[in-house]
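Structural characterization, general
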Amino acid sequence: MNSEPLRIAYSPCPNDTFVFDAWAHGRIPGAPPLDVTFADIDLTNGMAERGDLDVLKVSYAVLPYVLDTYALLPCGGALGRGCGPLVLTREPGTDLTGRTVAVPSERSTAYLLFRLWAADTLPGEVGEIVVLPFHEIMPAVRDGKVDAGLVIHEARFTYQDYGLHKLADMGEHWEDTTGLPIPLGAIIARRSLGAGTLTGLAETIRASVRAAWDDPEASRPYVLEHAQEMDPAVADQHIGLYVNEFTAELGADGYAAVRGLLTRAAAEGLVPPLGPDALDFP
């Protein structure tokens, strides 16, 4: 691999900084230097659709739109169990048929899981979908501006503070109906880098993950620098949940989860269908 810096974008979340710490700080022998852009995943999804950078962390839901330009790397991303998005309502047991639902993004795994859950469980179609910034969703449900809200991450632990009720757990529905982990974030790299470089990048990411697991303290300054308001114990929990065996290697279950999500979403008309070789690597 040449020594030109690779232009990469990932989030400031602890799982990403933990995974990329050793590589970003030159501790992986022979790896190219990185020119890192920090951005939340809705922004990196847009970067991928514009073809802006060499390597990006994106939502699995955006893959059908970018796989002509980018290849899915078999490591470095986030799949998990017990960490799915929730649908929240003011009243327990609300029927969402014809109701307005606030979501953080329509290009997210959370949204695809929600639409698949709705198709499986609601007697009719949901009503209007309203895209709101993540931090506005629970107040909008509480204040009656929308009938329900789709929330992710830390909202799992704070929704009761808003007097809201959990209508359903999208991750539980996915795991119960498929037995597979929830595909959250993917690492993609530009196909034009060539097969040899792509293979090398995957090896570098695996080495960076192993280095972080072997010496977690080495990554701590980088993790805490970017997770500025996060309690170190919460950062550790975040890493424990999202950096797991699938981060080191997607493996058969990981690929089955990704293909299953995107195939089912395409059948519902939510994303374009995947080609038969779309997920092949390199």
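Up top you'll find the structure we're talking about.
Values in this document were obtained by computation on a predicted structure and should not be read as measured data.

**Let's talk about the nonpolar core**
Among the nonpolar cores identified, the biggest contains 55 residues, and Leu 56, Leu 63, Leu 96, Leu 112, Phe 114 and Trp 117 are the most heavily contacted of them. The element that contributes the greatest number of residues to this core is helix α4 (residues 109–121), accounting for eight residues. With sequence-adjacent residues up to four places away left out, Leu 63 is seen in contact with Val 58, Leu 72, Ala 186, Ile 188, Val 258, Leu 262 and Leu 279. Counting residues in hydrophobic clusters, the runner-up holds 28 residues, among them Ile 28, Cys 75, Ile 205 and Ala 235.

**Observations concerning the state of the cysteines**
For the coordinates displayed, the defined rule picks out zero disulfides. Counting only cysteine sulfurs, Cys 13 is the nearest neighbor of Cys 83, a cysteine outside any disulfide, at a range of 13 Å.

**Regarding the side chain of Thr 100**
Tracing the sequence through the fold places Thr 100 in the loop between β6 (86–89) and β7 (101–103). The exposure class assigned to Thr 100 is buried, which follows from its relative accessible area of 18%. The residues contacting Thr 100, other than those within four sequence positions of it, are Glu 128, Val 130, Val 146, Asp 147 and Ala 148.

**Let's talk about helix α10 (residues 232–242)**
Looking only at α10, the buried set comprises Ala 235, His 238, Ile 239 and Tyr 242. Buried residues along α10 cover an arc of 95 degrees about the axis, so they all sit on one side. Exposed side chains of α10 directed beyond 90 degrees from the buried face belong to Gln 237 and Gly 240.

About the criteria used
- Starting afresh in each chain, residues are numbered from 1 along the sequence in its written order.
- With pLDDT at 70 or above as the cut-off, local features in this predicted model cover only qualifying residues; side-chain atom pairs require 80 or more to be listed or tallied, and sums for whole chains, interfaces and linings still use all residues.
- Values reported for side chains reflect all heavy atoms of the structure, with hydrogen atoms and water molecules removed beforehand.
- Here, nonpolar core means buried Ala, Val, Leu, Ile, Met, Phe, Trp, Tyr and Cys residues that are tied together by side-chain atoms lying within 4.5 Å of each other.
- Exposure categories follow from relative accessible area, calculated using a 1.4 Å probe and restricted to protein chains: below 20% of the type maximum is buried, above 50% is exposed, and the middle band is partly exposed.
- Here a strand is any run of E in DSSP of at least two residues, a helix any run of H or I of at least four, and the numbering for each starts at the N terminus.
- Here, residues are in contact when the closest pair of their heavy atoms is within 4.5 Å.
- Defined by distance alone, a disulfide is two cysteine sulfur atoms within 2.5 Å.
- Here the arc refers to the directions that run from the helix axis out to each C-beta atom.

Nothing here speaks to function; it is geometry throughout.
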